[in-house]
Amino acid sequence: EAEEAPMPLPGSVWRILGTELGERFSYYGLRAVLTLYFLSLGLSEGGAVALFSYTSALAYFMPLLGGILADVLWGRYRTILIFSAVYVVGSTALALNAVAGGGVEGAMAALVLISIGTGGIKPCVSAFGADQLGEAGGDAARERYFSSFYVAINVGSMFAFVVTPFLRVKFGFSAAFGAAAVVLGAALVFFVGGRGSYRHMPPSAPFYRALGSRLAVRLRLMALGRGRSYKQLAEGSVKPTALGQPDADAEAAGGAAEGGAGSPSKEASVAVDEALAALGRLLPVLMLMPCFWALFDQQGSSWVLQAKALQMSGVLPFGIELSPETLLVLNPIFVTVLVPLTRGIFERWRRWFGTAPPASTARMFVGMLLASLAFLCSSALQSVVEAGPVGSVSVLWQVPQIFLITLAEVLVSVESLNFFYSRAPAEAKAAVSALSLLTVSFGDILCGFLYQALSSRLSLTMMLLTFSALMAGNAAVFFRVTRPWDERSGASSR
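Residues numbered from 1 in each chain as written. Predicted model: local features only at pLDDT ≥ 70, side-chain atom pairs only at ≥ 80, totals over all residues. Heavy atoms only, no water.

A. Expanded view of the packing of helix 1 (residues 11-40) against helix 2 (residues 45-61). Here helix 1 crosses helix 2 at 155°, and the two axes come no closer than 8 Å. In terms of orientation, helix 1 and helix 2 fall into the roughly antiparallel class. Seen along the crossing, helix 1 lies across helix 2 with a hand that is right-handed. Facing R24, Y27, Y28, R31, L34, T35, F38 and L39 of helix 1, the residues of helix 2 in contact are E45, A48, L51, F52, T55, S56, A59 and Y60. Taken together, the residues of the contact of helix 1 with helix 2 sort by class into ten nonpolar, three polar and three charged. (Axes fitted to C-alpha atoms, helices over the stretch in contact; angles between N-to-C directions. Helix = DSSP H or I, 4+ residues; strand = E, 2+ residues; numbered from the N terminus. Parallel < 35°, antiparallel > 145°, perpendicular 65-115°, else oblique. Left-handed = near helix turned anticlockwise from the far one by under 90°. Contact = heavy atoms within 4.5 Å. Nonpolar A, V, L, I, M, F, W, Y, C, P; charged D, E, K, R; others polar.)

Here it is in structure tokens:
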């Protein structure tokens, strides 16, 4: 049977991809030099890593607000515009703080605005791009879009990791932050330029009113001791409509859940039941994602600090000089190669091996193991560094761990984008995307907490080894939780 030619992505999608590229240049550009900026403001290495993690955590917490506002009140397009304006103000303020020689307080005020802005738009941009596809092309078009979206992210970050470290070395932090702010403003103008061509999905306020009503009923039922077990919900053995039968549950809770004045419509209530069932099945997977992000985001913090103690002069030909953050550029370079490579392998898997390709959850499990291996390599390298004089080991020894964490990223992050979007209720896709991004926030909080609590007592070698062991244990639990998952239906089966 001949394979159908893939449907080309609409022009509006390419405009969204271009916007995402520019926004990611801005975000990763300032993150590339942020740890070093904190050190220049007088923070200790442990304090700089912790503050780096906490500001990242805030950026990945705000998608919850942005996703709900988009789904309930503003719609995705308007939400992107409003939070982008906050984002531009914060980026400009950070650059001005560096120009004026401001301290930690001014930098943190600007970073709070940046975190609110980037976090608010984050769940909306990817979902808004997927909205442009509608039902055309099905799963294949959506997978192609999310792969392209991830490539756009990494092309933007690749240029950021080259340009902003160069600007920092040559002209200082103010130039690096200023470039990030200018590119962000240009990306916003480019996005607004396509306003007449976008396909808009209306907000789902009735759905959320029904959700609030249903959750209130469920909380009262739980107080009465009649709540269903979470295990039943996660395994799909409870039918969606059993999550809150209008008559029996409302009566048991001591009041009518539906049918009263101003109560949600029957259609909205049915949608809520189905959504709660879907969210219940997704929750175990979401809960096991933060550990991965606790490791992944250390590329810009603990691995940069590791690079400071490595040899950076004379390791490249033609007299090219490296700075501690320069090798961050390898991550997006590897991603732009590995995303189409892995996608091609999985698309041809059945033809080559005669079996269905691995499920998304299986790919994510392998990615978690690779992340653990990356930090094991990083710990081994750090042990060599700590045993010898500073600058005696080439910074190029970081390349294997960067490759491993990037391959892990491709298998975990790219797969999770499509995994959560495709299984999210239609009325709450931005909110589910926000919950997925919220796991990054929890991972960064975990990282910051562990560094604050342990870095004064453990060497960097032992800190990296601790994270490797933590990730291995998390992967084992992830395998156990997702093993019964039926990839085709999104339900658990045994």
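There is more to say after this.
B. Here's a closer look at the confidence of the model for the protein chain. Mean pLDDT over the protein chain works out to 82, with 80% of the residues at or above the 70 mark. The least confident element of the protein chain is strand 2 (residues 491-492), whose mean pLDDT is 40; the most confident is helix 12 (residues 290-296), at 96. With pLDDT under 50 throughout, residues 229-262 is counted as low confidence; its partners more than four residues away or in other chains account for 63 contacts. Between residues 486-494, whose pLDDT stays under 50, and residues either more than four places distant or in other chains, the model counts 23 contacts. (pLDDT = per-residue confidence, 0-100.)

C. Broad picture of the environment of V49. Considering the arrangement of structural elements, one finds V49 in helix 2. By relative accessible area, which is 1% here, V49 ends up buried. Considered as a pair, V49 and G448 are 399 residues apart in the sequence and their alpha carbons are 6.9 Å apart. When residues no more than four places from it in sequence are discounted, the contact partners of V49 are S301, S302, L305 and Y451. (Buried < 20%, exposed > 50% of the residue type's maximum accessible area, 1.4 Å probe, protein only.)

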